[in-house]
Amino acid sequence: MKLETPRLILKEIDESFTEDILRIRGNEVINKFVRRNSPKNNYDALQFILTIKERTKNNQTIYLGISLKDQWNLIGTICLWNFSEDRKTAEVGYELLPEYHRQGIMSEALKAVLDYGFNELHLHEIVGITHKFNENSKGLLLKHDFILEEGKEDEGFPDNIIFSLKRLSGNDEYKS
């Protein structure tokens, strides 16, 4: 699977991206707001890639690397995952190397993934969960018309807040 935007290619990842995944998922700035086991070396990054490939094969996730059209290497990732049992809701996740922040890159990638989720997968709702102090992530979600779900909690992660974007009823379009 591959999605293209004016500046970006969103593509499936494989073992050739081990060092990129290590650099992205091991980045201290990115991990400031994310609780996860970050890869410590190429082996850890490779194990993550193999897990993602298996989850993709089993339709548990759509996980794409983000690269600029004139570069092969990955500068970030974006995914749809945590699908509801009826496949009508999914969660979006994303990360971008700090040197590419504030350039509209993640906004461009998110728009492509939202279009895909609503118009190709026919999702009814896409959820975005972020740390309450991650201003860049909150701003990105609000820019794309996600609405803060007051009172909803991310179980086990009390510092996270939940946003959602619903497809307009009666058609395949969504507000973007």
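What counts and what doesn't
- Residues numbered from 1 in each chain as written.
- Predicted model: local features only at pLDDT ≥ 70, side-chain atom pairs only at ≥ 80, totals over all residues.
- Heavy atoms only, no water.
- Pairing = 2+ DSSP bridges.
- Helix = DSSP H or I, 4+ residues; strand = E, 2+ residues; numbered from the N terminus.
- Salt bridge = Lys/Arg side-chain N within 4 Å of Asp/Glu carboxyl O.
- Buried < 20%, exposed > 50% of the residue type's maximum accessible area, 1.4 Å probe, protein only.
- Contact = heavy atoms within 4.5 Å.
- Core = buried A, V, L, I, M, F, W, Y, C linked by side-chain atoms within 4.5 Å.

A closer look at the sheet that holds strand S5 (residues 89-96)
So, step 1. Taken in spatial order, the eight strands of this open sheet run S1-S2-S3-S4-S5-S6-S8-S7, and their pairing is mixed. What marks the edges here is a single partner per strand, and that holds for strand S1 (2-4) and strand S7 (147-148).
So, step 2. Pairing geometry for strand S2 (residues 8-12) and strand S3 (residues 62-68), over five bridges, is antiparallel. Of the residues in S3, the one forming a bridge with Ile-9 is Ser-67.

A closer look at the pattern of salt bridges
So, step 1. One pass over the structure, following the stated rule, counts 13 salt bridges.
So, step 2. Linking Glu-4 and Lys-69 is a salt bridge whose minimum nitrogen-to-oxygen distance equals 3.4 Å. Taken together, the residues Glu-4 in strand S1 and Lys-69 in the loop between S3 and strand S4 (76-81) connect sequence positions 65 residues apart.
So, step 3. A residue is classified by how much of its surface remains accessible, and Glu-4, at 48% relative accessible area, is partly exposed.
So, step 4. What makes Lys-69 partly exposed here is its relative accessible area of 40%.
So, step 5. Residue Asp-20 pairs with Arg-23 through a salt bridge whose shortest N-O separation is 3.0 Å. Taken as a pair, Asp-20 and Arg-23 lie in helix H1 (residues 18-25) at a separation of three residues, close to a single helical turn.
So, step 6. Assessed through its relative accessible area of 7%, Asp-20 is described here as buried.
So, step 7. On the basis of relative accessible area, Arg-23 is assigned to the partly exposed category, the value being 36%.
So, step 8. Among the charged side chains, a network of salt bridges with common partners joins Lys-2, Glu-4 and Lys-69.

Focus: the environment of Ala-45
So, step 1. Mapped onto the elements, Ala-45 comes out in helix H3 (residues 42-57).
So, step 2. For Ala-45, a relative accessible area of 0% translates into the label buried.
So, step 3. Each C-alpha atom, one on Ala-45 and one on Glu-15, is 9.0 Å from the other, the two residues being 30 residues apart in sequence.
So, step 4. Apart from the residues lying within four places of it in its own chain, the contact partners of Ala-45 are Thr-18, Ile-21, Leu-22 and Pro-39.

Comments concerning unusual backbone geometry
Glycine aside, residues mostly have negative phi angles, and peptide bonds mostly take the trans form.
So, step 1. Phi is positive for Asn-59, close to 60°, though the residue is something other than glycine.
So, step 2. Mapping Asn-59 onto the fold places it in the loop between H3 and S3.
So, step 3. Although it is not a glycine, Arg-87 adopts a positive phi angle of roughly 65°.
So, step 4. Residue position: Arg-87 is located in the loop between S4 and S5.

A short note on the nonpolar core
So, step 1. Counting 43 residues, the largest nonpolar core has Leu-10, Ile-66, Ile-78, Leu-80 and Phe-146 as its most contacted members.
So, step 2. The element that contributes the greatest number of residues to this core is helix H4 (residues 105-119), accounting for eight residues.

Remarks on the pairing of S2
So, step 1. Counting buried positions over the five residues of S2 gives four, a clear majority of the element.
So, step 2. Where S1 meets S2, three bridges bridge the pair, whose relative direction is antiparallel. Note on S2: the bridge partner recorded for Leu-3 is Leu-10.
So, step 3. Taking the residues between adjacent antiparallel strands as the criterion, S1 and S2 are bridged by three residues.

Looking at the pairing of S3
So, step 1. Counted residue by residue, S3 has seven buried out of seven residues, so it is predominantly covered.
So, step 2. Where burial is concerned, the two faces of S3 agree: the one with Ile-62, Leu-64, Ile-66 and Leu-68 and the one with Tyr-63, Gly-65 and Ser-67 are both buried.
So, step 3. Two elements, S3 and S4, share five bridges in a ladder whose sense is antiparallel. Within S4, the residue paired with Leu-64 across the bridge is Ile-78.

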